[in-house]
Structures are given as structure tokens and as C-alpha cells.
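The lines below spell out each chain.
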Amino acid sequence: MLRGIDVSAYQSSTYDTDGLSFVFMKATEGRSYVNPKLKDQTERARDAGLVVGFYHFLWPGNLTDQAEYFVSKAPDKKGDILAVDWETTGEGTHASNAEKDSFIRKVKKLRPDNRVILYANRNYWLNEDTTSYAGDGLWIADYVSAGEPRIKAKWRFHQYTDDPVDTNVADFESKAALKKWAEGA
């Protein structure tokens, strides 16, 4: 299992990269928010030689606009992983299953050279999802032992704690294998 983290504007741009193979950064949310630390957080990950991913926090509605906004703001580099963060918004709403699927397909169409994956917590995966569509892979959040999420589906990334930062493992034999997979879109 490979170790990684995910960061947003709540975390420092000088986060610790020791022992990490990958990092995901929040890029955008809805149709108007861009992580103000995105550039510096991305530079930190690239300087450390990590596999880099970016995620978009999905809101219901305007899926094409959100997809276009995300790809216009997330750095465009082959081998970077793009993810949709599908969960409850600050207003207590969430994108529907069909909207989640539509967003993933639209991002894949706009960025055919990047892997596009789904981030969802265990509850969403088991109770909101009706299609099991996760694009190129599932990034599951379930706060249990690292690498042991309580789902039957094949997963690529597992967020297993948020203390002191969102910490993840990836189901790849090596960083080289993760990099090869990420570049293989």
C-alpha cells in the first residue's frame, strides 16, 4: 500500500511530503470557488516527485458548467488524476447519482488523457449510488484500518482518517505502478 494525503485551503502549502507517494488537492467547488493555495500546493507535490491529483467538490445542477470550470482551473498535465468529490454540500444537498455519473463522463471527455475517479464516503457508495460508476477508479472514504474499507467494490484509493490530515492509501504495488496507471488514460 502506498501512502498519500489530500489537502485543501484548510491545509498549509508546505505540507509534509515525507513517506508519501501521492497527494490530491482540492481545485474547485461548484462554479465559482478555486482553492487559493492550489498553485503552491501543486508545486510542493511536484517538487517532491509525488503523483498528483486534483478534485472538484460537486454541487447539484449545472453539471456541464461545473465540469468545464473544473478542467479550466485544474492544471492540465498527463499523469495527473482528476476526481469528483461526491458528498453532502454545506447546504445539506448533494448531486444525484445521475449528476455524478454525468459529471465524470463530461470530465473524461474534456480531459481524455487523465484518469478520472470518484471520491465518495462509504454511506454514499452503499446507499446513494445506484450505478456503481466511478469512472477510472473508486476513492473510498471509510474511517477504519488503512486498506480495509468495508465495501465489496474494487477500490484504488482509501481515505482512512482525517487526523491530523486526510490520510489515504493506494492499492498499487509501487509508486512506479501508480504512476504508470495514472499515465495510462
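Residues numbered from 1 in each chain as written. Predicted model: local features only at pLDDT ≥ 70, side-chain atom pairs only at ≥ 80, totals over all residues. Heavy atoms only, no water.

(A) Up close: the overall build of the protein. Each helix and strand in the protein was counted, giving 5 helices and 9 strands. For the protein, the α and β elements follow one another from N to C terminus as β-β-β-α-β-α-β-α-β-α-β-β-β-α. In terms of overall dimensions, the protein is globule-like: its C-alpha atoms have a radius of gyration of 15 Å, near the 16 Å expected for 185 residues. The principal-axis extents of the C-alpha atoms in the protein amount to approximately 40 × 35 × 30 Å. Every one of the 185 residues in the protein was classed for burial, and the buried ones make up 51%. (Helix = DSSP H or I, 4+ residues; strand = E, 2+ residues; numbered from the N terminus. Rg over C-alpha atoms; globule rule 2.2 N^0.38 Å. Buried < 20%, exposed > 50% of the residue type's maximum accessible area, 1.4 Å probe, protein only.)

(B) Molecular detail of the packing of aromatic side chains. Counting across every chain of the model gives 11 aromatic pairs. When the ring of Phe 172 is compared with that of Trp 181, the centres are 5.4 Å apart and the planes differ by 50 degrees; the resulting orientation is tilted. Counting every residue linked through ring pairs, the aromatic cluster contains Phe 22, Phe 24, Tyr 55, Tyr 119, Trp 139, Phe 157, Phe 172 and Trp 181. For the cation-ring pair, Lys 100 lies above Trp 86, with the distance from its terminal atom to the ring centre recorded as 5.2 Å. Its end group placed over the ring of Tyr 133, Arg 105 keeps NZ or CZ at 4.1 Å from the ring centre. (Phe/Tyr/Trp six-rings, centres within 6.5 Å; stacked < 30°, edge-to-face > 60°. Lys NZ or Arg CZ within 6 Å of the ring centre and 35° of its normal.)

(C) The pairing of strand S6 (residues 115-121), seen in detail. The buried fraction of S6 amounts to 6 of the 7 residues, a majority that puts the element mostly inside the structure. Sheet analysis places strand S5 (residues 81-86) next to S6, joined by 6 bridges and oriented parallel. Bridge assignment links Asp 85 to a residue of S6, and that residue is Tyr 119. With respect to chirality, the unit in which S5 leads through helix H3 (residues 97-110) into the neighbouring parallel S6 is right-handed. Pairing of S6 with strand S7 (residues 138-141) involves 4 bridges; the strand directions are parallel. For Asn 121, the partnering residue across the bridge sits in S7 and is Ala 141. The β-α-β motif built from S6, the intervening helix H4 (residues 122-128) and the parallel element S7 has right-handed crossover chirality. (Pairing = 2+ DSSP bridges. Right-handed = clockwise from strand over helix to strand, strands pointing away.)

(D) Region of interest: unusual backbone geometry. Cis peptide bonds are those with omega within 30 degrees of zero, and the linkage from Asp 163 to Pro 164 qualifies with 5 degrees. By the secondary structure assignment, Pro 164 is in the loop between strand S8 (157-161) and strand S9 (166-170). For Ser 132, which is not a glycine, the phi torsion comes out positive at approximately 60 degrees. Here Ser 132 shows up in the loop between H4 and S7.

(E) Geometry of the pairing of strand S1 (residues 2-7). The element S1 is extensively covered by neighbouring structure, given that 5 of its 6 residues are classed as buried. Two strands pair when backbone bridges link them, and S1 and S9 are joined in this way by 5 bridges, in the antiparallel orientation. Each residue of the ladder has a partner; that of Arg 3, found in S9, is Val 169.

(F) View of the nonpolar core. In terms of nonpolar packing, the biggest core is built from 39 residues, with Met 25, Phe 54 and Leu 118 touching the most fellow members. Counting 17 residues, the second largest nonpolar core, distinct from the first, contains Phe 22, Ile 81, Ile 117 and Trp 139. (Core = buried A, V, L, I, M, F, W, Y, C linked by side-chain atoms within 4.5 Å.)

(G) Geometry of the environment of Asp 85. With respect to the helices and strands, the residue Asp 85 is situated in strand S5. Given a relative accessible area of 5%, Asp 85 falls into the buried group. The sequence separation of Asp 85 and Tyr 55 amounts to 30 residues, and the corresponding C-alpha distance is 6.3 Å. When residues no more than four places from it in sequence are discounted, the contact partners of Asp 85 are Tyr 55, His 56, Phe 57, Leu 58 and Tyr 119. (Contact = heavy atoms within 4.5 Å.)

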